[in-house]
Amino acid sequence: AGPAQATRTRRPGNRRDPGDSMKRERDVSRFMAKVDKRTDDCWLWTGAKDRKGYGRFSVGDSRREDGSRRNSMVAAHRFSYELHNGPIPQGPGWHGYCVLHRCDNSGCVRPDHLFIGTNADNVRDMDNKGRRVNRPIKGDRHPLAKLTTEKVLQIHAMVKSGKTQASVARDF
C-alpha cells in the first residue's frame, strides 16, 4: 500500500463516517427497528430497498452544517457488517472491499451471513451460485451469431491444414 492509496478519498455514500456517539446510537436504534429476526435463518431488512433487493439505510443527518443536502444512504448489509464487525477495510483499487452474502439473500443483514471479499470474489461468488444475469452468451447461442459451432470447427481445420484465411473466408 503506497502513499497514494493511503490518501485516497472514500466514495460518497459508500462508507459511513463514525460521527458522535449520540448520532450513532440513534442510527443503530433506527437500523435495528427495520430488521426482522423472526426467522431462524436470515435477518430480513424491512426498510427501503434498491431495485436489486439490497436494503438502503440513511445514516446521520441528511443535511450538512451549511444546510446543503448530503447523500446519507448506505447499503444496509454494509452498515450491519460494520456495526457487528467493525470498519470494512479500505481494500484494493477504487472499489474497495465488497460485503458478500453467504446465504445469497440480498435482503439479509445477519452479520454471520456476511463476509468481506474483493470485487473479483463477488463475481466468482455470483458465478458459482448461478446468479450473474449479464454473463455473455457465447458461440452459436448468441442471437447475432453468424457461424455455428460446427462451421467454426470446419474453419479451424481448414486453416490448420494449410488453407489461407482468404480462401477460407470465400468459402464461408
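Since the structure is predicted, the reported quantities are computational estimates derived from the model, not experimental observations.

### Here's the deal with the overall build of the chain
Looking only at helices and strands, the chain features six helices and six strands. Mapped in sequence order, the helices and strands of the chain form the string α-α-β-β-β-β-α-β-β-α-α-α. Contacts in the chain between residues far apart in sequence, at least 24 positions, make up 45% of those at least 6 positions apart. In the form shown here, the chain has an accessible surface area of approximately 11,800 Å², with 51% of it arising from carbon and sulfur atoms.

### Regarding a nonpolar patch on the surface
A contiguous nonpolar surface patch, about 220 Å² in accessible area, is contributed by Leu147, Val152 and Phe172. By secondary structure assignment, the location of Leu147 is in the loop between helix H4 (119–128) and helix H5 (149–160).

### Observations concerning the environment of Arg131
With respect to the helices and strands, the residue Arg131 is situated in the loop between H4 and H5. Residues contacting Arg131, with those up to four places away along its chain left out, are Tyr54, Asp104, Asp125 and Met126.

### Some details on the pairing of strand E5 (residues 98–101)
The alternating pattern of E5 places Cys98 and Leu100 and Val99 and His101 on opposite faces, both of which are buried. Pairing of E5 with strand E6 (residues 114–117), which is carried by four bridges, proceeds in the antiparallel orientation. Looking at E6, one finds that Cys98 is bridged to Gly117.

### Here we look at unusual backbone geometry
Positive phi outside glycine occurs at Asp104, with the angle close to 65°. Looking at where Asp104 falls in the secondary structure, it is placed in the loop between E5 and E6.

### Observations regarding helix H3 (residues 76–85)
Counting buried residues in H3 gives seven out of ten residues, a clear majority hidden from the surface. Among all positions of H3, only Ala76, His77, Arg78, Phe79, Ser80, Tyr81 and Glu82 are buried. Gly86, located one to two residues past H3, shows a positive phi value of around 95°.

### Some thoughts on the pattern of salt bridges
Tallied over the full model, the rule gives six salt bridges. One salt bridge in this structure joins Lys163 and Asp171, with 3.2 Å as the shortest N-O distance.

### Regarding the packing of aromatic side chains
Evaluation of the coordinates by the stated rule reveals five aromatic pairs. Ring centres 5.3 Å apart and planes at 80° place the aromatic pair Phe31 and Phe57 in the edge-to-face group. Placement of Phe31 in helix H2 (residues 21–33) and of Phe57 in strand E3 (residues 56–58) is noted, with a sequence separation of 26 residues between them. With respect to burial, Phe31 and Phe57 carry one shared label: buried.

### Let's talk about H5
Taking 1.5 Å per residue, twelve residues should reach 16 Å; H5 reaches 17 Å between its end C-alpha atoms and fits that length. Trailing H5 by a residue or two, Gly162 shows a phi angle of about 115°, which is positive.

### Overview of the confidence of the model for the chain
Chain-level statistics for the chain give a pLDDT mean of 83 and a share of 86% at 70 or above. Note that pLDDT drops below 50 for residues 1–19; the model gives that stretch 30 contacts with residues more than four away or on any other chain.

Thresholds, definitions, all that
- All residue numbers here refer to positions counted from 1 along the written sequence of the relevant chain.
- At least 70 in pLDDT is required for a residue's local features to be given in this predicted model, at least 80 for side-chain atom pairs to be given and counted, and no such filter applies to totals for whole chains, interfaces and linings, which use all residues.
- The basis for every side-chain value is the complete set of non-hydrogen atoms in the structure, without hydrogens or water.
- What counts as a helix is a DSSP run of H or I of at least four residues, what counts as a strand is a run of E of at least two, and both are numbered from the N terminus.
- Here, residues are in contact when the closest pair of their heavy atoms is within 4.5 Å.
- A 1.4 Å probe and the Shrake-Rupley method give the accessible areas. Residues count as covered only by the protein chains that appear here.
- For patches, a residue must show more than 30% relative accessible area and have no salt bridge; joins then use 9 Å for like charges and 5 Å for nonpolar side chains, namely Val, Leu, Ile, Met, Phe, Trp and Tyr.
- A pair is scored as a salt bridge if a Lys or Arg side-chain nitrogen falls within 4 Å of a carboxyl oxygen belonging to Asp or Glu.
- Think of it in three bands: residues with accessible area under 20% of the maximum for their type are buried, residues over 50% are exposed, and the middle band is partly exposed, with areas taken using a 1.4 Å probe on protein chains only.
- The pairing criterion for strands is at least two bridges between them, as found by DSSP.
- Any two rings among Phe, Tyr and Trp, with Trp reduced to its six-membered ring, count as a pair given centres within 6.5 Å; such a pair is stacked if its planes are under 30 degrees apart, edge-to-face if over 60, and tilted if neither.
- Given the number of residues in a helix, its expected span is that number minus one, multiplied by 1.5 Å.
- pLDDT is a residue-level measure of predictor confidence that goes from 0 to 100.

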